[in-house]
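What follows is the residue order along each chain.
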Amino acid sequence: MNASMKRILAAMDGSDAAMHAVRKALELADALGGEVTIAHVVPYVFVPAEVPFDAGRLADEAVRGGEAMLAQAAKELGRPAMSRVCLKGTAAEALSEFADTNAYDLVVVGSKGRGAVARMLVGSTTDRLVHISHKPVLVVR
């Protein structure tokens, strides 16, 4: 890692692997005099028209849940005021686009995320992010 990696975006999905990755991102930022923003991505909510649910309300609840999870993670890390952002969309694409748009130097992710499919050797979101990101991606095991 070079010393110009001062703005770090770390993905958080609530898993132990993600929390471990955020801790590594913080270690790196502390060593380089940088800063870490933790990011959670809420997937788009698709509800068929014939289903009697308010998709907007479901999406708002998902964002509030994501924001609460980020706040709890920041508190557990001993940095309750750390920068955090809740994004919407497909995780890899949302993280990559946010890192590009906001001039992050590095994206840090855990090697495995939540869910049965994501428990493969490298989670599908991590694999996708590594392939599409224009920014360097650090995968933490």
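Please refer to the structure higher up on the page.
The sections below set out a description of the structure shown in this document. Everything quoted here is computed from the prediction, not taken from an experiment.

Cut-off values and rules
- Residues numbered from 1 in each chain as written.
- Predicted model: local features only at pLDDT ≥ 70, side-chain atom pairs only at ≥ 80, totals over all residues.
- Heavy atoms only, no water.
- Salt bridge = Lys/Arg side-chain N within 4 Å of Asp/Glu carboxyl O.
- Helix = DSSP H or I, 4+ residues; strand = E, 2+ residues; numbered from the N terminus.
- Buried < 20%, exposed > 50% of the residue type's maximum accessible area, 1.4 Å probe, protein only.
- Phe/Tyr/Trp six-rings, centres within 6.5 Å; stacked < 30°, edge-to-face > 60°.
- Lys NZ or Arg CZ within 6 Å of the ring centre and 35° of its normal.
- Axes fitted to C-alpha atoms, helices over the stretch in contact; angles between N-to-C directions.
- Parallel < 35°, antiparallel > 145°, perpendicular 65-115°, else oblique.
- Left-handed = near helix turned anticlockwise from the far one by under 90°.
- Contact = heavy atoms within 4.5 Å.
- Nonpolar A, V, L, I, M, F, W, Y, C, P; charged D, E, K, R; others polar.

1. Details of the pattern of salt bridges
Pairs may arise between side chains of opposite charge once their charged atoms sit close together.
Inference 1: The tally for this structure, following the rule as stated, stands at five salt bridges.
Inference 2: In this structure, the salt-bridge partner of Asp30 is Arg79, at a minimum N-O distance of 2.6 Å. Within this pair, whereas Asp30 is found in helix α1 (residues 16-32), its partner Arg79 is found in the loop between α2 (55-76) and β3 (83-88), the two being separated by 49 residues in sequence.
Inference 3: The exposure class assigned to Asp30 is partly exposed, which follows from its relative accessible area of 48%.
Inference 4: Put simply, Glu93 and Arg128 hold a salt bridge, and the shortest N to O gap is 2.6 Å. Residue Glu93 is located in helix α3 (residues 91-101), and its partner Arg128 is located in helix α4 (residues 124-132); the two are separated by 35 residues in the primary sequence.

2. Remarks on the packing of aromatic side chains
Inference 1: Counted according to the given criterion, the structure contains one aromatic pair.
Inference 2: Above the ring of Tyr104, the side-chain terminus of Arg7 is found at 4.2 Å from the ring centroid.

3. Digging into the packing of α3 against α4
Inference 1: Where α3 meets α4, the axes come as close as 8 Å, and the angle between the chain directions of the two elements is 40°. One way to sum up the angle between α3 and α4 is to call them oblique. Crossing handedness for the pair α3 and α4: right-handed. Of α4, the residues touching α3 (which contributes Ala91, Ala92, Glu93, Leu95 and Ser96) are Thr125, Arg128, Leu129 and Ile132.
Inference 2: Tallied by class, the residues present in the contact of α3 with α4 amount to five nonpolar, two polar and two charged.

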